[in-house]
Amino acid sequence: MSEFLQQLLNGLSLGAIYALIALGYTMVYGVLRFINFAHSEVFMVGAFIGYYLGKLVPEGTLWGGLLVLAGAMIGCAILGILVERIVYRPLRGGPTINVLITAIGVSLLLQYTGQIVFGAAPRTFPPIFPSANFHLGTLTISSNQLFVIGVAVALMIGLQLIVFKTKIGTAMRAVSLNPKAAQLVGVNNNVVISFTFGLGSALAAAGGILYALNYPSIDPLMGVMPGLKAFVAAILGGIGNIPGAALGGLILGTVETFIGGSQFSTYKDAIAFAILIVILLFKPAGLLGKFTAEKV
Amino acid sequence: MARSAATRQSILSLAARFAHRLVVLAPSLLLSFSVAAATPEPIKIGAYASLTGKEAAWGQSYEKGSRLAVHEINAAGGILGRPVQLIFEDNQSKAGESATVARKLISRDAVVALLGEVSSGRSLEAAPVCQAARIPMISSGSNPRVTEVGSYIFRVNYIDPFQGTVMAKFAKEKLGAKRVALLTDVTNAYSVGLAKYFREKIVADGGTIVLEQKYSAGERDFKAQLTTIRSAAPAALFVPGYYTEVGLIVAQARELGFKAPILGGDGWAAPQLVELGGSALADTYYCDNFSVENDSAEAQAFITRYRSRYNEDPDSISPLAYDAVGMLRDAITRAGSTEPEKIRAALATIRDLPGASGSITVDAQRNPAKPAYIVAFREGRFRFLETVRP
């Protein structure tokens, strides 16, 4: 029983990180109907900004950690907005596939630029937040795990509030529903899209910092696997649907952890992806997604 | 990874095809060079290592050790009156690169012998290329399969059957552990091999393997496997992996409250392990090829020269690279020639060659028998515990 609870906790803290990255994929898809493959590299850049900022603040203090987290989120929001402004905006209006291929190009560009700028060797991420372990019987809970889950939940609630309770959130939903109609009623699409990229990238940066706190070895290719998993999580939950992305991330992280702890640990990715295929066979729009006829 | 794999594959196969064409051209190129030679031509030795990427600590250390050896040889007048030129290639710690850079070194640079790699897996990629081109290669990988590739492939360090046996005996006799768990990197030939020999020795001595869990190189979350291991309550855990993952594994194991000793092999040897693991490394042990606390005259002389050149203590990789160059110098000197075939024959007959990492005698399987040093984590670093002779 305690092993089950321990695995569940391990799975949830991993899933919370997938969920944070998945939110970025799903938001951009919701507004622009394309998968921003460079998102996983924004996650990596977030971790590296945290690495360098972490050297400027004292280790193991709450305010220092939060400062690093905020710095990385702002840095990545700017990166996300710049990528959209320079690369994706000129391609808007063209076939979606062009933007998609360009996104893959941006992803590779960031990966290999990262190898030149940061170096290809893994770095050890500093313990920027204070940490402790709590024991409940045989259940061991680390403060990092709780922190990951806490920050992820807080950011997701914040995101829901932004999307449903603010003016810019309403504009985002309007653009998502029909960009031309939104423009007709006076929504500035460029501002909304920039905002979406900034917000999604900031969440990816938070994911990067939380990931690096739990697994303190970072390198320029670190975003590839978590990015892919988060992409799967977004599809699993129903792409374009924000609670769906969170649910997908948690399911994927938990399933992966339970299989990882069994005798089939080497098949954990294969089984996780097989589950994705089965779910999509029965629910083609994902768990919480609504099925809509393809527009293009 | 999945997204870029297809493009990378096609670039690699193009490069490979190009390299193949060069192999065909190489003899004629060599001929034109030797006619023009008036001043002593340098003896070209190729080396490939993980200078960047996941195992960069090893590649860089390997380069330092071999450059030190070549520097000393050239300062003393070279080999057969000719200077030695070391040509280094980086495989970026990536699977698939080593064969490509080995082909490049053989065909374009026309090296007479190759040094590398620290990793058994990457040695196994380049070994068939060297064997097919009939160029001797000296590996520092410890998996027995490396030298089984063919008669041109040699080794400078001990092999995993020895290393696995040493650690299994240590677990039983010194730690009193009869119930042991394993955590193996299934994508790494070294890890799988070492786990196998360790398991065989534990079982042969009446112990039990209570659980064997697996992971893949590049993973960062091991809590799932470690939680299951913790529930099985072994008296010791054997992790025959490489330092990047091992650092995370040890830290996560201790975070989960796993208190039993953790053991490993020479794949642990890198300063990054201490950086990643920190105080979580208490009660961990591994066996290594070299120790700075080794009191042999050759080892101490090497340490002094290494310190004066690089202003730091050598790890366990640089003496292996240094000794691999030593093996080549001895072989080329005795062969009186730089023909690869003659170098190969001379390498096979090395007897009692003094080296920084111990005396080298090449056996019929082209492996040397060398001692292993067990180290334990004490006061913030790994310290020498005992020497085990074969």
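The shown structure was predicted, so the numbers you read here are calculated from the model rather than taken from an experiment.

Asker: Got a minute to help me understand the overall build of chain A in this structure?
Answerer: A tally of helices and strands in chain A yields eleven helices and four strands. By the compact-globule yardstick of 19 Å for 296 residues, chain A fits well, its C-alpha radius of gyration being 19 Å. A principal-axis box enclosing the C-alpha atoms of chain A has dimensions of 60 × 45 × 35 Å. A separation of at least 24 residues holds for 77% of the contacts in chain A among residues at least 6 apart in sequence.

Asker: Sorry, what's going on with the overall build of chain B here?
Answerer: A count of helices and strands for chain B gives 13 helices and twelve strands. Taking 390 residues into account, the globule formula puts the C-alpha radius of gyration at 21 Å, and chain B, at 21 Å, falls close to it. Over its C-alpha atoms, taken along the principal directions, chain B stretches across nearly 70 × 55 × 40 Å. Within chain B, the fraction of its 390 residues that count as buried is 54%. Nonlocal contacts in chain B, meaning residues at least 24 apart in sequence, comprise 66% of its contacts between residues at least 6 apart.

Asker: Would you mind going over the domain arrangement of chain B with me for this structure?
Answerer: For interface size, the figure often reported is the accessible area lost on association. Taken domain by domain, chain B holds domain 1 (2-158 + 297-370) and domain 2 (160-288). Looking at the side of domain 1 of chain B that touches domain 2 of chain B, its residues break down into six nonpolar, seven polar and four charged.

Asker: Would you mind going over the interface of chain B and chain A with me for this structure?
Answerer: Each side of the interface is counted separately: chain B has 30 residues, and chain A has 26 residues. Among the elements of the structure, α1 (2-36), β7 (208-215), α8 (223-232), α9 (243-255) and α10 (271-277) of chain B are those that each provide at least two residues to the side of chain B that touches chain A. Per-element accounting of the side of chain B that touches chain A gives the leading share, six residues, to α8(B). Residue composition of the side of chain B that touches chain A, by class: nine nonpolar, 13 polar and eight charged.

Asker: For this particular structure, what's the right way to read the nonpolar core?
Answerer: The nonpolar side chains of a soluble globular protein tend to be buried with one another. Formed by 208 residues in total, the largest nonpolar core has its most connected members in A:Ala19, A:Leu23, A:Ala47, A:Cys76 and A:Ala206. Counting residues domain by domain, this core receives three or more from each of domain 1 (2-158 + 297-370) and domain 2 (160-288) of chain B. Each residue touching A:Ala19, except ones within four places of it in the same chain, is listed here: A:Ala152, A:Ala233, A:Ala245, A:Ala246, A:Gly249 and A:Leu250.

Asker: Is there a simple way to think about the sheet that holds strand β4 (residues 137-139) of chain B in this case?
Answerer: Strand-to-strand pairing in sheets goes through backbone hydrogen bonds, with the strands running parallel or antiparallel. Residues and elements named next belong to chain B. Here we have five strands laid out as an open sheet, ordered β2-β1-β3-β4-β5, and parallel in their pairing. The outermost strands of the open sheet, each flanked by one partner alone, are β2 (84-90) and β5 (153-155). On average, each strand axis in the sheet is tilted by 25° relative to the strand beside it, whichever way the strands run. Of the pairings in the sheet, the one linking strand β1 (residues 43-49) to β2 comprises seven bridges and is parallel in character. Among the inter-strand pairings, Ile45 is bridged to a residue of β2, identified as Leu86. Sheet contacts for helix α3 (residues 97-107): β1, β2 and β3 (113-115); angle to β1, the most-contacted strand, approximately 170°. Along the sheet, helix α12 (residues 318-335) contacts β1, β3 and β4; its crossing angle with β3, the most-contacted strand, is approximately 165°.

Asker: Hey, could you run me through α3(B) in this one?
Answerer: Helical geometry note: an α-helix holds 3.6 residues per turn, so side chains three or four residues apart project in the same direction. When you tally the buried positions in α3(B), you get eleven out of eleven residues, the bulk of the element. B:Glu97, B:Ser98, B:Ala99, B:Thr100, B:Val101, B:Ala102, B:Arg103, B:Lys104, B:Leu105, B:Ile106 and B:Ser107 are the residues of α3(B) that are buried.

Asker: I tried to follow unusual backbone geometry on my own but got confused; where do I start?
Answerer: Residues and elements named next belong to chain B. Glu117 follows Gly116 through a cis peptide bond whose omega is 5°. One non-glycine residue, Leu80, lies in the positive phi region at around 55°. Inspection of the secondary structure assignment puts Leu80 in the loop between α2 (56-75) and β2. Since 14 C-beta atoms lie within 10 Å of it, Leu80 is described here as partly exposed. Although it is not a glycine, Arg366 sits at a positive phi angle of roughly 65°. By secondary structure assignment, the location of Arg366 is in the loop between α13 (340-347) and β11 (372-378). Among the residues examined, Arg366 registers 23 C-beta atoms within 10 Å and is labelled buried.

Asker: Looking at this structure, how should I read the packing of helix α10 (residues 242-260) of chain A against helix α11 (residues 268-282) of chain A?
Answerer: Residues and elements named next belong to chain A. The interhelical angle for the contact between α10 and α11, taken along N-to-C directions, is 140°, at an axis separation of 9 Å. On the basis of their axis angle, the class for α10 and α11 is oblique. Crossing handedness for the pair α10 and α11: right-handed. For the pair α10 and α11, the contacting residues are Leu252, Val255, Glu256, Ile259 and Gly260 in the first and Lys268, Ile271, Ala272 and Ile275 in the second. Class assignment for the residues of the contact of α10 with α11 results in six nonpolar, one polar and two charged.

Asker: Help me understand the confidence of the model for chain B, please; the structure alone is not making it clear to me.
Answerer: A low pLDDT score tells you not to read the predicted coordinates there in detail. Residues and elements named next belong to chain B. Mean pLDDT for chain B: 89, with 90% of residues reaching 70 or above. A low-confidence stretch, residues 1-7 stays under pLDDT 50, and its non-local contacts, those more than four residues away or across chains, total five contacts. In this model residues 22-37 is a low-confidence stretch, pLDDT under 50, and it forms nine contacts with partners more than four residues away in sequence or in other chains. As a predicted assembly, this complex carries a pTM of 0.83 together with an ipTM value of 0.84.

Asker: What should I look at first to understand helix α6 (residues 167-177) of chain A in this one?
Answerer: All names here are of chain A. Among the residues of α6, Ala171, Met172 and Val175 are the ones counted as buried. Looking down the long axis of α6, one finds its buried residues gathered within 105° of arc, a one-sided arrangement. In the core, the buried residues of α6 are packed alongside α1 (2-32), α5 (143-165), α7 (179-184) and α8 (189-214).

Asker: Help me understand the sheet that holds strand β8 (residues 236-238) of chain B in this model?
Answerer: Residue and element names in this part refer to chain B. Judged by pairing direction, the sheet is mixed, and its seven strands sit side by side in the order β7-β6-β8-β9-β10-β11-β12 without closing on themselves. Of all the strands in the sheet, just β7 and β12 (381-388) have a single pairing partner and so form its edges. When the angles between neighbouring strand axes are averaged without regard to direction, this sheet yields 25°. Two strands pair when backbone bridges link them, and strand β10 (residues 284-288) and β11 are joined in this way by four bridges, in the antiparallel orientation. Bridge pairing in β11 places Cys287 opposite Ile374. Strand contacts of helix α7 (residues 189-204): β6 (179-185), β7 and β8, with the helix running at about 165° to β6, the strand carrying the most contacts. On top of the sheet, α9 reaches β6, β7, β9 (262-264) and β10; it is set at about 170° to β9, its chief contact.

Asker: I would appreciate a short explanation of the packing of α3(B) against helix α4 (residues 120-133) of chain B in the present structure.
Answerer: The description of two packed helices rests on the angle between their axes and on the distance between the axes. All names here are of chain B. Running from N to C, α3 and α4 cross one another at 35°; their axes reach a closest spacing of 8 Å. Read as a crossing pair, α3 and α4 show a hand that is right-handed. Contacts from Ser98, Ala99, Ala102, Arg103 and Ile106 in α3 reach Arg122, Glu125, Ala126, Val129, Cys130 and Ala133 in α4. Residues of the contact of α3 with α4, tallied by class, amount to seven nonpolar, one polar and three charged.

Conventions we followed
- Residues numbered from 1 in each chain as written.
- Chains lettered and ligands numbered in written order.
- Predicted model: local features only at pLDDT ≥ 70, side-chain atom pairs only at ≥ 80, totals over all residues.
- Helix = DSSP H or I, 4+ residues; strand = E, 2+ residues; numbered from the N terminus.
- Rg over C-alpha atoms; globule rule 2.2 N^0.38 Å.
- Contact = placed C-beta atoms within 7 Å.
- Buried ≥ 20, exposed ≤ 12 C-beta atoms within 10 Å, placed from the backbone.
- Domains from an automatic or database assignment.
- Nonpolar A, V, L, I, M, F, W, Y, C, P; charged D, E, K, R; others polar.
- Core = buried A, V, L, I, M, F, W, Y, C linked by C-beta atoms within 7 Å.
- Pairing = 2+ DSSP bridges.
- Axes fitted to C-alpha atoms, helices over the stretch in contact; angles between N-to-C directions.
- Parallel < 35°, antiparallel > 145°, perpendicular 65-115°, else oblique.
- Left-handed = near helix turned anticlockwise from the far one by under 90°.
- pLDDT = per-residue confidence, 0-100.
- Arc of directions from axis to C-beta.

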